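The primary structure of each chain is shown beneath.
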Amino acid sequence: MIHAELDRLQSCLNFALDTLRKEMDSSQLPPLSQYNSVEHPLDDPTTYLPSTALFEARRLSLGESTLYSVPLDKRMDERLAAYVAVCTDTLIKTGIIDYLSDVPNPSRGVSAAELASKFELDSQKLVPILRCYAANGWARETCDSSFALNRCSRTFIKGHPGWRLGLPTPGFMTMVEAVPHWATESDWKLSRSPTQTAFQIAFKTPLHRFSWIMQNQGTVISVSDHIQVIGDMSTPSIVADYPWEQLETSVIVDCGGGMGGLVSAILDAHPSFRAVVQDTEGIVSLTEERRPRHVESGILKVEVHDFFQPQRRIGNEYSFILRHIMHNWPDKEAASVARPIFISSKILIIDIVAVPNADSTSTKSFLLDSHANDLDYSIPSHFGSASEQVSAVSVHMLTLMNGCERSLHEWKTLVKGCGLRITNVYSLRAHPSIIECALDT
Ligand SMILES: C[S@@+](CC[C@H](N)C(=O)[O-])C[C@H]1O[C@@H](n2cnc3c(N)ncnc32)[C@H](O)[C@@H]1O
């Protein structure tokens with residue numbers, strides 16, 4: 001029997017796993033293990049930048065299981081996904097994860113009964129929660145009803161990146177539930193306004209999301225921390241994979257730069273630059289607080305600037321960064337962010353370049369291996385399951401403010417409407433890319 005697709009998938013997976021192994025060896029990384037309770041460098045993209053081939057091999061190997069999954073199971077998984085997320089939330093919130101990380105022998109496992117007694121909880125509720133958490137690859141059930149953290153779940157220990165991502169804002173689920181009604185039946189179903197989305201329906205507010213955050217001061221720090229971790233996931237690659245030394249300007253202005261994590265990393269790697277972080281009034285004091293070293297030495301300035309107003313930093317010494325800004329906004333508003341930056345320097349838009357989920361029967365290898373080009377690998381052009389997060393973020397942007405992740409064609413059209421042109425697109429070892437733009441003369 002010929003199983004053409006299965007065979008191609010198998011050779012694709014074999015190739016990806018072989019490459020993963022080879023690249024790990026040449027990068028002198030320790031072997032991966034599900035039983036290890038110590039973090040592996042590959043577990044934290046905010047601190048470890050893998051080789052390009054390793055990054056691609058990992059993505060490829062995560063790519064495609066739809067070929068043999070059971071459709072009804074897949075649908076059930078989808079319906080129940082919220083429970084998986086809340087099991088993790090519960091274990092972070094109670095402090096059980098910190099406790100499990102701190103026991104004398106973290107890989108041996110602690111019984112649910114002991115945890116229930118320690119945290120004054122009902123073990124009958126705790127066992128299914130821990131088991132669901134473990135079934136999703138976050139922990140090990142070392143023996144019946146005893147649980148140990150594995151290396152992946154160490155990201156949820158207090159202060160670690162997964163913990164800093166925080167828990168969802170109250171109201172998040174109501175907003176998600178409002179999407180089918182909002183997009184298909186409501187008076188706003190054809191609206192492209194950032195103030196007519198499922199967000200306003202769920203949060204019962206006329207404000208757009210960023211104004212709402214500012215009015216709800218209690219959310220500012222947690223949302224900013226969450227945004228910073230998401231940014232940190234691409235920062236090492238942005239610093240390493242863009243030719244900063246070729247930038248002909250001395251000052252980098254990060255518009256809507258949040259807590260300044262990106263420019264700080266660029267300044268550390270390229271001390272000849274100076275930088276400016278611009279953001280709204282409620283954010284800049286946080287930025288100053290988080291970056292004392294750079295602010296005090298004078299190489300980083302932090303200033304209030306509304307990016308819908310004409311840019312005040314005009315001159316040949318400035319280049320501009322817009323990371324995770326344009327995707328928040330619909331086309332009209334996104335264009336008015338980029339349009340006021342009418343200068344001769346470069347504008348680096350750092351956002352996802354969405355790949356249409358078109359079928360691809362034969363894909364050239366994405367891996368940097370000379371033999372790869374001889375082989376006929378079949379993977380979806382959007383990397384199948386490996387791009388789930390990217391597609392979901394696009395729906396999230398839509399839901400929040402009628403924003404979206406844009407394809408290259410959509411980026412070209414948007415940028416052209418601002419009097420700019422794309423001069424290069426740099427792929428990163430992370431989900432976003434750097435879309436380098438200049439004035440369209
Ligand atoms: C998704 S965050 C991205 C933050 C940062 N660029 C990063 O990559 O980590 C969007 C940022 O835009 C800022 N922002 C929203 N509206 C703004 C406005 N009108 N003017 C300036 N900044 C704004 C927010 O405060 C927030 O820091």
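Data block above holds the structure.
Residues numbered from 1 in each chain as written. Predicted model: local features only at pLDDT ≥ 70, side-chain atom pairs only at ≥ 80, totals over all residues. Heavy atoms only, no water.

Some thoughts on the overall build of the protein chain
Helix and strand content of the protein chain: 18 helices and twelve strands. Taking 22 Å as the expected radius of gyration for a compact globule of 441 residues, we find that the protein chain reaches 23 Å, a close match to that expectation. Looking at the 441 residues of the protein chain, the share that counts as buried comes to 46%. For the protein chain, long-range pairs separated by at least 24 residues make up 66% of all intrachain contacts whose partners lie at least 6 apart in sequence. Accessible surface, the protein chain: about 23,000 Å² in total, of which carbon and sulfur atoms supply 55%. (Helix = DSSP H or I, 4+ residues; strand = E, 2+ residues; numbered from the N terminus. Rg over C-alpha atoms; globule rule 2.2 N^0.38 Å. Buried < 20%, exposed > 50% of the residue type's maximum accessible area, 1.4 Å probe, protein only. Contact = heavy atoms within 4.5 Å. Areas by Shrake-Rupley, 256 points an atom, 1.4 Å probe, with all protein chains shown as cover.)

Re the sheet that holds strand β2 (residues 139-143)
Read across the open sheet, the three strands follow the order β1-β3-β2; overall the sheet is antiparallel. For this open sheet the edge positions go to β1 (110-111) and β2, each flanked by a neighbour on one side alone. Looking at chain direction, β1 and strand β3 (residues 146-149) are connected through two bridges and run antiparallel. The residue of β3 that forms the bridge with Val-110 is Phe-147. (Pairing = 2+ DSSP bridges.)

Some points on the site of the ligand
Taken together, 16 residues sit near the ligand, with Gly-256, Asp-279, Asp-306, Phe-307 and Arg-323 positioned nearest. Here Gly-256 contributes a backbone N or O atom positioned 2.7 Å from a nitrogen atom of the ligand. Residue Phe-307 places a main-chain N or O atom 2.9 Å away from a nitrogen atom belonging to the ligand. Coverage of the ligand by the protein chains reaches 93% of its 600 Å² of free accessible surface. Of the residues contributing to the shell around the ligand, the split by class is six nonpolar, seven polar and three charged. (Near = heavy atom within 4 Å. Polar contact = N/O pair within 3.5 Å; in protein donor to acceptor, adjacent residues only side chain to side chain. Nonpolar A, V, L, I, M, F, W, Y, C, P; charged D, E, K, R; others polar.)

Points about unusual backbone geometry
Excluding glycine, residues mostly have negative phi values, and the peptide bonds linking residues are mostly trans. A positive phi is found at Gln-28, a non-glycine position, where the angle reads about 55 degrees. Residue placement: Gln-28 occurs in the loop between α1 (4-26) and α2 (52-61).

What about the sheet that holds strand β5 (residues 274-279)?
Strand order in the open sheet formed by seven strands is β6-β5-β4-β7-β8-β12-β11, with mixed pairing between adjacent strands. The open sheet is flanked by β6 (300-304) and β11 (420-427), the only strands paired with a single partner. Across the sheet, the mean angle separating the axes of adjacent strands is 20 degrees when strand polarity is ignored. Pairing between β5 and β6: five bridges, direction parallel. (Axes fitted to C-alpha atoms, helices over the stretch in contact; angles between N-to-C directions.)

Notes on the pattern of salt bridges
By the definition in use, this model includes 13 salt bridges. In this structure, Glu-303 and Arg-313 form a salt bridge, with 2.6 Å as the shortest nitrogen-oxygen distance. Of this pair, Glu-303 sits in strand β6 while Arg-313 sits in the loop between β6 and β7 (318-323), and the two are ten residues apart along the sequence. The exposure classification of Glu-303 matches that of Arg-313, with both residues buried. Across the pair Arg-406 and Asp-331 runs a salt bridge whose closest N-O atoms are separated by 2.9 Å. With Arg-406 in strand β10 (residues 406-407) and Asp-331 in helix α16 (residues 331-338), this residue pair connects regions lying 75 residues apart in the sequence. The exposure class of Arg-406 is buried, given its relative accessible area of 1%. Several salt bridges share partner residues, and in doing so they unite Arg-131, Glu-141 and Asp-144 into one network. (Salt bridge = Lys/Arg side-chain N within 4 Å of Asp/Glu carboxyl O.)

Some remarks on the pairing of strand β12 (residues 433-439)
The side chains of a regular strand alternate, first on one face of the sheet and then on the other. With six of seven residues buried, β12 lies mostly within the body of the structure. Here five bridges tie strand β8 (residues 347-351) to β12, and the two strands are oriented antiparallel to one another. Across the sheet, Leu-348 pairs through a bridge with Glu-436, a residue of β12. Between β11 and the antiparallel strand that follows it, β12, lie five residues.

Overview of the packing of aromatic side chains
Scanning the model with the defined rule gives 13 aromatic pairs in all. What links up through ring pairs into an aromatic cluster is the set Phe-210, Phe-307, Phe-308 and Trp-329. Across from the ring centre of Phe-210, 5.3 Å away, lies the NZ or CZ of Arg-209, which sits over that ring. Above the plane of the ring of Trp-411 lies Arg-406, whose end atom (NZ or CZ) is 5.5 Å from the centre. (Phe/Tyr/Trp six-rings, centres within 6.5 Å; stacked < 30°, edge-to-face > 60°. Lys NZ or Arg CZ within 6 Å of the ring centre and 35° of its normal.)

What to know about the nonpolar core
Of all hydrophobic cores here, the largest spans 44 residues; its most connected members are Leu-322, Met-326, Ile-347 and Ile-349. Apart from residues lying up to four places away in sequence, Ile-349 is in contact with Leu-322, Met-326, Trp-411, Val-415, Ser-433, Ile-434, Ile-435 and Cys-437. Of all hydrophobic cores here, the second largest spans 23 residues; its members include Leu-300, Leu-348, Ile-350 and Ile-434. (Core = buried A, V, L, I, M, F, W, Y, C linked by side-chain atoms within 4.5 Å.)

Points about the packing of helix α3 (residues 71-94) against helix α6 (residues 123-135)
Their axes nearest at 9 Å, the elements α3 and α6 cross at an angle of 115 degrees. Here α3 is positioned roughly perpendicular relative to α6, judged by the angle of their axes. Along this stretch, α3 crosses α6, giving a crossing that reads as left-handed. Touching Val-84, Cys-87, Thr-88, Thr-90 and Leu-91 of α3 are Leu-126, Ile-129, Leu-130, Cys-132 and Tyr-133, all from α6. Class assignment for the residues of the contact of α3 with α6 results in eight nonpolar, two polar and no charged. (Parallel < 35°, antiparallel > 145°, perpendicular 65-115°, else oblique. Left-handed = near helix turned anticlockwise from the far one by under 90°.)

Brief notes about helix α14 (residues 281-290)
Residues of α14 that are buried: Ile-283, Val-284, Leu-286 and Thr-287. For α14, the angular spread of the buried residues around the axis is 160 degrees, confining them to a single face. Exposed side chains of α14 directed beyond 90 degrees from the buried face belong to Glu-281 and Glu-289. Its buried side turned inward, α14 meets α10 (209-215), α11 (220-232), β5 and β6. (Arc of directions from axis to C-beta.)

Quick notes on the packing of α1 against α2
Packing of α1 against α2 brings their axes to within 8 Å, and their N-to-C directions diverge by 145 degrees. Relative to α2, the crossing made by α1 is left-handed. Residues Cys-12, Leu-13, Ala-16, Leu-17, Thr-19, Leu-20, Glu-23 and Met-24 of α1 touch α2, and the partners they reach there are Ala-53, Leu-54, Ala-57, Arg-58, Leu-60 and Ser-61. Looking at the contact of α1 with α2 residue by residue, the classes come out as ten nonpolar, two polar and two charged.

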